[in-house]
Amino acid sequence: MKVKRTSIEGCFEIEPKIINDKRGYFYESFNKKVFQQETGINTEFVQDNQSFSQRGVLRGLHLQEGDFSQAKLVSALQGKVLDVVVDLRKESETFGEVYSTLLSEENKKQLFVPRGCAHGFVVLSETALFYYKCDNFYNKEAEAGIIYNDKDLCIDWQLSEEELIISDKDLVLPGFKQYISQYSEVQ
């Protein structure tokens, strides 16, 4: 497996070693020992999730706060998505930075999203099956997020506004600056 640091502190792109033959392919999707050796992060994943979506579906930008904060290892098992991470950790050297990458069934890349970062993706193919491993359990009361089209973040979702399919819940999320000021008040 190849592990590449991204522009966000603690966020890594992972390319598995793929073995192809006449039967198809095989790859190891996670190896704790190698992951820890390459990243310096010792993590235990406790929950696996999947979502299936059609072209234009945008999920995010989400995170869990406080004791329920989650790190995630994400990938597209089928289709192609633009995956986006926003660093919301005030103590981080990369606070406020945005990182995006294409994840697809073809490239089989994964992205490790550290705790304290907002995460989202948009489906660029006809459909996509998205998979994520989490290092903490989901808690509805710990849900948070920032609006996908925040003017300060300038995220290029690679689709027009008219093509996007967004949940009502995600349309009312606060902007980056509003989230940061609200979160500071809660701390």
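Keep in mind the model is a prediction, meaning the values are calculated, not measured.

Enquirer: Requested: an account of the overall build of the chain, with residues and values cited.
Expert: Looking only at helices and strands, one finds three helices and 13 strands in the chain. Its C-alpha radius of gyration of 16 Å places the chain within 12% of the 16 Å reference for a compact globule of 187 residues. Dimensions of the chain, computed from C-alpha atoms along their principal axes, come out at roughly 55 × 40 × 30 Å. For the chain, the proportion of its 187 residues judged to be buried stands at 49%.

Enquirer: Which residues make up the sheet that holds strand E7 (residues 72-78), and what values do they have?
Expert: Ordered in space as E1-E2-E10-E7-E12-E5, the six strands form an open sheet in which the pairing is antiparallel. The sheet terminates laterally at strand E1 (2-5) and strand E5 (47-54), the two strands that pair on one side only. Neighbouring strand axes in the sheet, compared pairwise and without regard to direction, differ in orientation by 25° on average.

Enquirer: Outline the layout of surface pockets, listing residues and values.
Expert: Taken as a whole, the largest pocket spans an internal volume of roughly 510 Å³. In terms of lining, the largest pocket is formed by 25 residues, of which the most central are His 62, Tyr 132, Tyr 138, Glu 143 and Lys 169. Looking at the lining of the largest pocket, the elements that each hand over two or more residues are E5, strand E6 (58-64), strand E11 (117-123), strand E12 (127-134), strand E13 (143-145) and helix H2 (168-171). Ranked by residue count, the leading element in the lining of the largest pocket is E6, at five residues. Its residues assigned to classes, the lining of the largest pocket comprises 10 nonpolar, 10 polar and five charged.

Enquirer: Just give me the short version of empty space enclosed by the protein, but keep the residues and values in it.
Expert: Applying the stated rule across the entire model yields one cavity of 30 Å³ or more. Lining of the largest cavity is provided by His 62, Leu 63, Gln 64, Gln 70, Lys 72, Val 113, Pro 114, Cys 117 and His 119. Sorting the residues of the lining of the largest cavity by element identifies E6 and E11 as the ones contributing at least two each. Residue contributions to the lining of the largest cavity peak at three residues, all from E6. Residue composition of the lining of the largest cavity, by class: four nonpolar, four polar and one charged.

Parameters and conventions
- Residues numbered from 1 in each chain as written.
- Predicted model: local features only at pLDDT ≥ 70, side-chain atom pairs only at ≥ 80, totals over all residues.
- Heavy atoms only, no water.
- Helix = DSSP H or I, 4+ residues; strand = E, 2+ residues; numbered from the N terminus.
- Rg over C-alpha atoms; globule rule 2.2 N^0.38 Å.
- Buried < 20%, exposed > 50% of the residue type's maximum accessible area, 1.4 Å probe, protein only.
- Pairing = 2+ DSSP bridges.
- Axes fitted to C-alpha atoms, helices over the stretch in contact; angles between N-to-C directions.
- 1 Å grid on protein atoms, 1.4 Å probe; cavity = no way out; pocket = protein on both sides within 12 Å on 5 of 7 lines; lining within 4 Å.
- Points joined across faces, edges and corners; volume = space filled by probe spheres on them.
- Nonpolar A, V, L, I, M, F, W, Y, C, P; charged D, E, K, R; others polar.

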